[in-house]
Amino acid sequence: LMMFCDILVVNAIEFWSGNNPVPNKYASFLTRNGGELVLEKTEDPTTLRVAVLQHGEVKHEAYIQRLNDDHFRLYDAELKLVAEAHGARGGAKIVN
């Protein structure tokens, strides 16, 4: 789980910052279990769609919204706010 979070957060930040050689719209990474992690820009330039696929089928889907350099929101597949992180020390708030 921690490795998934690391891949997700690091690649999402690098995706927006331009420090990662990821195409402008879409990036795909293979997982250890043969799945696929997909990062895809949405029509909203502040929001990134994250999907985990297994055998071509979406198993998990979420959205990360970047409000500014140190403020992010995580939404589930139905766009319900799940968590929020901000601040230089990475403070996070889990939303019920």
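Residues numbered from 1 in each chain as written. Predicted model: local features only at pLDDT ≥ 70, side-chain atom pairs only at ≥ 80, totals over all residues. Heavy atoms only, no water.

### A look at the pattern of salt bridges
Part 1 of the reasoning: All chains considered together, the criterion is met by four salt bridges.
Part 2 of the reasoning: Between Glu61 and Arg49 there is a salt bridge, and its shortest N-O distance comes to 2.6 Å. One end of the pair, Glu61, is in strand S4 (residues 57-68); the other, Arg49, is in strand S3 (residues 47-54), and 12 residues separate them in sequence.
Part 3 of the reasoning: Taking the shortest distance from any N to any O, the salt bridge between Glu57 and Lys59 comes out at 3.6 Å.
Part 4 of the reasoning: Look at Glu57 and you get partly exposed, because its relative accessible area is 48%. (Salt bridge = Lys/Arg side-chain N within 4 Å of Asp/Glu carboxyl O. Helix = DSSP H or I, 4+ residues; strand = E, 2+ residues; numbered from the N terminus. Buried < 20%, exposed > 50% of the residue type's maximum accessible area, 1.4 Å probe, protein only.)

### Description of the environment of Asp69
Part 1 of the reasoning: With respect to the helices, strands and loops of the structure, Asp69 is situated in the loop between S4 and strand S5 (71-76).
Part 2 of the reasoning: C-alpha separation for the pair Asp69 and Gly87, spaced 18 residues apart in sequence, amounts to 9.0 Å.

### Things to note about unusual backbone geometry
Part 1 of the reasoning: Despite not being glycine, His55 has its phi angle at roughly 55°, a positive value.
Part 2 of the reasoning: Positionally, His55 belongs in the loop between S3 and S4.
Part 3 of the reasoning: Residue class for His55 comes out exposed when judged on its relative accessible area of 78%.

### A short note on the environment of His71
Part 1 of the reasoning: By the element assignment, His71 lies in strand S5.
Part 2 of the reasoning: C-alpha of His71 to C-alpha of Glu84: the two residues are 13 residues apart in sequence and 7.5 Å apart in space.
Part 3 of the reasoning: The contact partners of His71, leaving out residues within four places of it in the chain, are Gln65, Arg66, Glu84, Ala85 and His86.
Part 4 of the reasoning: Polar side-chain contacts of His71 include one of 2.5 Å to the side chain of Glu84. (Contact = heavy atoms within 4.5 Å. Polar contact = N/O pair within 3.5 Å; in protein donor to acceptor, adjacent residues only side chain to side chain.)

### Describing the pairing of S3
Part 1 of the reasoning: For S3, a buried count of eight out of eight residues is recorded, marking the element as mostly surrounded by other parts of the structure.
Part 2 of the reasoning: Of the two faces of S3, the one holding Thr47, Arg49, Ala51 and Leu53 and the one holding Leu48, Val50, Val52 and Gln54 are both buried throughout.
Part 3 of the reasoning: Where strand S2 (residues 36-41) meets S3, six bridges bridge the pair, whose relative direction is antiparallel. By the bridge assignment, Leu37 is partnered in S3 with Val52. (Pairing = 2+ DSSP bridges.)

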